[in-house]
Amino acid sequence: MKESDWKKFKIIKEKAIERFCTETLEEFGQIISNSEEHIHNRYLQLYTQVQDRNKEMARIFDGHSRNNAWCQLIAMRARGLADESLLAELSEEFLQQTDPKRFG
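Residues numbered from 1 in each chain as written. Predicted model: local features only at pLDDT ≥ 70, side-chain atom pairs only at ≥ 80, totals over all residues. Heavy atoms only, no water.

Enquirer: Hey, could you run me through a nonpolar patch on the surface in this one?
Expert: Together, Tyr-43, Leu-44 and Tyr-47 make up an exposed nonpolar region whose accessible area comes to about 330 Å². Mapped onto the elements of the fold, Leu-44 is located in helix H2 (residues 39-61). By relative accessible area, which is 38% here, Leu-44 ends up partly exposed. (Patch = residues over 30% accessible without salt bridge, like charges linked within 9 Å, V, L, I, M, F, W, Y side chains within 5 Å. Areas by Shrake-Rupley, 256 points an atom, 1.4 Å probe, with all protein chains shown as cover. Salt bridge = Lys/Arg side-chain N within 4 Å of Asp/Glu carboxyl O. Helix = DSSP H or I, 4+ residues; strand = E, 2+ residues; numbered from the N terminus. Buried < 20%, exposed > 50% of the residue type's maximum accessible area, 1.4 Å probe, protein only.)

Right under this line is the structure:
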């Protein structure tokens, strides 16, 4: 991986984490504020959602290294978390190799 791609990847990853957390907190808020659902059911839904999102976050973002960057960027792009304007700054090679359509 080129040094320039690594530097840009770190920025893409940080922004993707912010986007993931924002989306996740919004999901949690919807569960919490659903007054049509019984409070205990909301609690159980929230508990399940927290566990699911925690596993997803670990799968996408844990293990910050150049070796993991390829897989992480594929996962970020597949989930729609990568900022398109930042992706455009990556080398064509890295961009093509991390295109989730290649693996779908």
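Let's pick the thread back up.
Enquirer: Would you mind showing me how to read the side chain of Ser-91 here?
Expert: By secondary structure assignment, the location of Ser-91 is in the loop between helix H4 (84-87) and helix H5 (92-97). Since its relative accessible area comes to 12%, Ser-91 is described here as buried. A polar atom in the side chain of Ser-91 sits 3.2 Å from the backbone nitrogen of Phe-94. Ignoring sequence-local partners within four residues, the contact set of Ser-91 consists of Lys-2 and Asp-5. (Polar contact = N/O pair within 3.5 Å; in protein donor to acceptor, adjacent residues only side chain to side chain. Contact = heavy atoms within 4.5 Å.)

Enquirer: What am I meant to see in the packing of helix H1 (residues 3-33) against H2 here?
Expert: When two helices pack together, their arrangement is given by the angle between the helix axes and the distance between those axes. Direction vectors running N to C along H1 and H2 enclose 170°, while the axes themselves pass 9 Å from each other. With respect to each other, H1 and H2 are oriented roughly antiparallel. Residue-level contacts link Lys-13, Ala-16, Ile-17, Phe-20, Cys-21, Thr-24, Glu-27, Phe-28, Ile-31, Ile-32 and Ser-33 of H1 to Arg-42, Gln-45, Leu-46, Gln-49, Val-50, Arg-53, Glu-56, Met-57 and Phe-61 of H2. Its residues assigned to classes, the contact of H1 with H2 comprises 11 nonpolar, 4 polar and 5 charged. (Axes fitted to C-alpha atoms, helices over the stretch in contact; angles between N-to-C directions. Parallel < 35°, antiparallel > 145°, perpendicular 65-115°, else oblique. Nonpolar A, V, L, I, M, F, W, Y, C, P; charged D, E, K, R; others polar.)

Enquirer: It is not clear to me how the packing of H1 against helix H3 (residues 66-78) should be interpreted in this structure. Could you clarify?
Expert: Across the interface, H1 lies against H3 with an axial gap of 11 Å and an inter-helix angle of 50°. Looking at the two axes, H1 sits oblique to H3. Crossing geometry of H1 relative to H3 is assigned as left-handed. Judged by residue contacts, Glu-3, Trp-6, Phe-9, Ile-12, Lys-13 and Ala-16 of H1 engage Arg-66, Ala-69, Gln-72, Leu-73 and Met-76 from H3. Among the residues making up the contact of H1 with H3, the classes are represented as 7 nonpolar, 1 polar and 3 charged. (Left-handed = near helix turned anticlockwise from the far one by under 90°.)

Taken by themselves, the reported measurements are silent on function.
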